[in-house]
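Commentary on secondary and tertiary structure
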Amino acid sequence: MLLSILYQVGLGPGQAIANRIKREYMKEDYTVLEALEILMKELKEFYSIQIRSIERDQKKLRIEIENHCFLRDPIKHRQKLDFGKAFCRVNKGYFETAFKELVGDKISRVEINFIKSDEEGDVCIEELIFYY
């Protein structure tokens, strides 16, 4: 139940950033890579993302990323809080909503999944999967 609530917390802001981007860039429809580039530029104060790999086939586009988000520093020294759990659900709701709004009918759905925490690199390894 908590995970669902936290996911829902990200939906409104995800919709808001997508609407602002459409208004400011005077464009309604974006490719996946255009949306990713614009979102990362707009959110550079909160997220530092590096693309590790891109895989594409007829059914999906998978982008593996390294992400250092604004939630990482407050939780990395707390033993009872784990990366990829509740805190990431807010980001998941936010980005899945923003991408769906910006890319629209080009995809059937988008998923953002936590893979692992890389303490040495101080990033989370995540995947963005866009289904056609």
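Above this note sits the structure.
Let me sum up the structure you'll find in this document. Within each chain, residue numbers correspond to sequence positions counted from 1 in written order. Totals for whole chains, interfaces and linings use all residues, but because this is a predicted model, local features are given only for residues with pLDDT of at least 70 and pairs of side-chain atoms are given and counted only at 80 or more. Hydrogen atoms and water are omitted, and side-chain values are computed over all heavy atoms in the structure.

1. Let's talk about the environment of Ile 65
Positionally, Ile 65 belongs in strand E2 (residues 60-69). Spatially, the C-alpha atoms of Ile 65 and Ile 51 are 4.4 Å apart, while their sequence positions differ by 14 residues. Note on contacts: a residue pair qualifies if any of its non-hydrogen atoms lie within 4.5 Å across the two residues. The contact partners of Ile 65, leaving out residues within four places of it in the chain, are Ile 49, Gln 50, Ile 51, Arg 52, Cys 124, Ile 125, Glu 126 and Leu 128. Think of it this way: any DSSP run of H or I at least four residues long counts as a helix, any run of E at least two long counts as a strand, and we number them from the N terminus.

2. Comments concerning the packing of aromatic side chains
For any pair of aromatic rings, the description consists of the separation of the ring centres together with the inter-plane angle of the planes. To pair, rings of Phe, Tyr and Trp, with the six-membered ring standing in for Trp, must have centres within 6.5 Å; the planes then decide the type, stacked if under 30 degrees apart, edge-to-face if over 60, and tilted in the middle. Counted according to the given criterion, the structure contains four aromatic pairs. Among the aromatic residues, those joined into a ring-pair cluster are Tyr 47, Tyr 94, Phe 95, Phe 99 and Phe 130.

3. Side note on the pairing of strand E4 (residues 123-131)
Relative accessibility thresholds used throughout: buried, under 20% of the residue-type maximum; exposed, over 50%; partly exposed, between the two (1.4 Å probe, protein chains only). Among the nine residues in E4, nine count as buried, and that is most of the element. With burial as the criterion, each face of E4 is covered, one bearing Val 123, Ile 125, Glu 127, Ile 129 and Tyr 131 and the other bearing Cys 124, Glu 126, Leu 128 and Phe 130. Relative to E4, E2 runs antiparallel, the two sharing eight bridges. The residue of E4 that forms the bridge with Glu 64 is Glu 127. Strand pairing is assigned whenever DSSP identifies at least 2 bridges connecting the two strands.

4. Quick notes on the nonpolar core
Definition used in this section: a nonpolar core is a set of buried Ala, Val, Leu, Ile, Met, Phe, Trp, Tyr and Cys residues joined via side-chain atoms within 4.5 Å. In this structure, Leu 39, Ile 63, Phe 95, Phe 99 and Phe 130 are the most contacted members of the largest nonpolar core, which totals 28 residues. Taken together, the elements giving at least two residues each to this core come down to helix H1 (2-25), helix H2 (32-42), strand E1 (47-56), E2, helix H4 (86-103), strand E3 (109-118) and E4. For Phe 130, the contacting residues outside a window of four places in its chain are Val 32, Lys 59, Lys 60, Leu 61, Ile 63, Phe 99, Ile 107, Arg 109 and Val 110.

5. Description of the pattern of salt bridges
Between Lys or Arg on one side and Asp or Glu on the other, a salt bridge is scored when a side-chain nitrogen of the former is within 4 Å of a carboxyl oxygen of the latter. For the structure shown, the criterion picks out 12 salt bridges. Put simply, Arg 62 and Glu 127 hold a salt bridge, and the shortest N to O gap is 2.6 Å. On the criterion of sequence distance, the pair formed by Arg 62 in strand E2 and Glu 127 in strand E4 is long-range, its members being 65 residues apart. In this structure, Lys 92 and Glu 96 form a salt bridge, with 2.8 Å as the shortest nitrogen-oxygen distance.

6. As for the side chain of Glu 126
As for its position among the elements, Glu 126 is in strand E4. Within the local environment of Glu 126, its side chain forms a polar contact with the side chain of Asn 67, the two groups lying 3.1 Å apart. Contacts of Glu 126, omitting those with residues within four sequence positions, involve Ile 63, Glu 64, Ile 65, Asn 67, Asn 113, Phe 114 and Ile 115. As used in this structure description, the phrase polar contact means that two N or O atoms lie within 3.5 Å; if the pair is within protein, one of them must be able to donate a hydrogen and the other to accept it, and residues adjacent in sequence are counted only when both atoms belong to side chains.

7. Describing unusual backbone geometry
Most of the time, phi is negative for any residue but glycine, and the peptide bond is trans. At Met 26, a position not held by glycine, the phi torsion is positive, near 50°. As for its placement among the helices and strands, Met 26 is situated in the loop between H1 and H2. The exposed category is assigned to Met 26, whose relative accessible area is 76%.

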